[in-house]
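# Per-entry structural report
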Amino acid sequence: MPHAKTPDGVAIAYQLSGDGPPLVLLAGQANNHHWWDGVRDDFHVARSTVTIDYRGTGASDAPSTPYSTALFARDVVAVLDELGVDRADVYGTSMGGRVAQRLAVDHPGRVRSLILGCTSPGGRHGVERDRDVRRSLAGPDPQKSRQALLELMYTPGWLASHPGPYRVLGDPSMSPHARRQHLAASDGHDAWDALPGVAAPTLVLHGGDDLLNPAANAPLLAGRIPHARMEIIPGARHAYFEEFRETAGSLVLDFLDREV
């Protein structure tokens, strides 16, 4: 698997598939590139796709240092440099949407268009999941916590007809340090003050029934980023991009066709 070297000497694994202008796909917290396995081929009708294993996941290095969404964004830039890509379309979901925000804010010349899925501006302005959701994920029984996460990701009907494997439940190979640092990076994200400076055409996507990252965050982002477009997918939960792949994929490709 190819790697890019970051300025601080960390090797970041990346995956390139398809042909055409590059679309960078950024996964959720504590996940590697397999997050996108179920849907990345949908974009190959018009784009190549680039995924990465965040530091601490997959085939990337896992340094024992603090992580942040700004640092993850710099890792993406290192991959783009390695590929010789000046500007790319960027689609981030969940924590990947937070990384995408930092990429658009800190490295605006590298982002041609921006798609923010099931994510939040973070900080005091972001809408947090409620206490019951937090309790269900932090209980003492790992199997119950796993089931709770599945039910936040997918509807009951989807789970009944799709027994797995599920690609969005985290990278089991992560070290405890890397897992803690991914959580800290996501929790520490706050792009609110910088979002009005985003110049890239932006699409905000969210599942209407998302409780893991509440759907109320979507209008916050769309209202904060100049001229952003927002689409809410009714009935969808956090993993809208997989369960509602036809709807979500069409919205993304239509946006890219119109804006880029």
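Cut-offs used in this document
- Residues numbered from 1 in each chain as written.
- Predicted model: local features only at pLDDT ≥ 70, side-chain atom pairs only at ≥ 80, totals over all residues.
- Heavy atoms only, no water.
- Helix = DSSP H or I, 4+ residues; strand = E, 2+ residues; numbered from the N terminus.
- Rg over C-alpha atoms; globule rule 2.2 N^0.38 Å.
- Buried < 20%, exposed > 50% of the residue type's maximum accessible area, 1.4 Å probe, protein only.
- Contact = heavy atoms within 4.5 Å.
- Areas by Shrake-Rupley, 256 points an atom, 1.4 Å probe, with all protein chains shown as cover.
- Lys, Arg positive; Asp, Glu negative; His and termini not counted.
- Charge placed at Lys NZ, Arg CZ, Asp CG, Glu CD.
- Core = buried A, V, L, I, M, F, W, Y, C linked by side-chain atoms within 4.5 Å.
- Pairing = 2+ DSSP bridges.
- Axes fitted to C-alpha atoms, helices over the stretch in contact; angles between N-to-C directions.

## Some remarks on the overall build of the protein chain
Broken down by element type, the protein chain carries nine helices and eight strands. Its C-alpha atoms give the protein chain a radius of gyration of 17 Å, within 12% of the compact-globule value 18 Å for 260 residues. When burial is assessed residue by residue, the protein chain has 54% of its 260 residues classed as buried. Considering only contacts in the protein chain between residues 6 or more positions apart, those separated by 24 or more positions represent 74%. Of the roughly 11000 Å² of accessible surface on the protein chain, a fraction of 51% belongs to carbon and sulfur atoms. If you average the places of the 25 positive and of the 31 negative side-chain charges in the protein chain, the two averages end up 5 Å apart.

## What to know about the environment of Leu-23
Assignment of secondary structure puts Leu-23 in strand 3 (residues 22–26). Owing to a relative accessible area of 0%, Leu-23 belongs among the buried residues under this scheme. Look past the residues within four positions of Leu-23 in its chain and what remains in contact with it is Phe-43, Arg-47, Ser-48, Thr-49, Val-50, Asp-89, Val-90, Tyr-91 and Leu-256.

## Concerning the nonpolar core
Counting 75 residues, the largest nonpolar core has Leu-26, Tyr-91, Leu-114, Tyr-154, Tyr-240 and Phe-241 as the members making the most contacts within it. In terms of residues, this core owes the most to one element, helix 1 (residues 69–83), which gives seven residues. Those residues within four positions of Tyr-91 in sequence are excluded, and the remaining contacts are Leu-23, Val-24, Leu-25, Leu-26, Trp-36, Phe-43, Ile-115, Leu-205, Tyr-240, Phe-241 and Val-252.

## Points about the sheet that holds strand 3
Judged by pairing direction, the sheet is mixed, and its eight strands sit side by side in the order 1-2-4-3-5-6-7-8 without closing on themselves. Where the open sheet ends on each side, the last strands, each with one partner, are strand 1 (3–5) and strand 8 (229–233). Strand-to-strand twist of the sheet, defined as the mean angle between neighbouring strand axes without regard to direction, takes the value 25°. Sheet analysis places strand 1 next to strand 2 (residues 11–17), joined by three bridges and oriented antiparallel. Within the sheet, the bridge partner assigned to Lys-5 lies in strand 2 and is Ala-11. Helix 9 (residues 245–259) rests against strand 3, strand 5 (88–93), strand 6 (111–117), strand 7 (202–207) and strand 8 of the sheet, and its axis sits at about 165° to strand 8.

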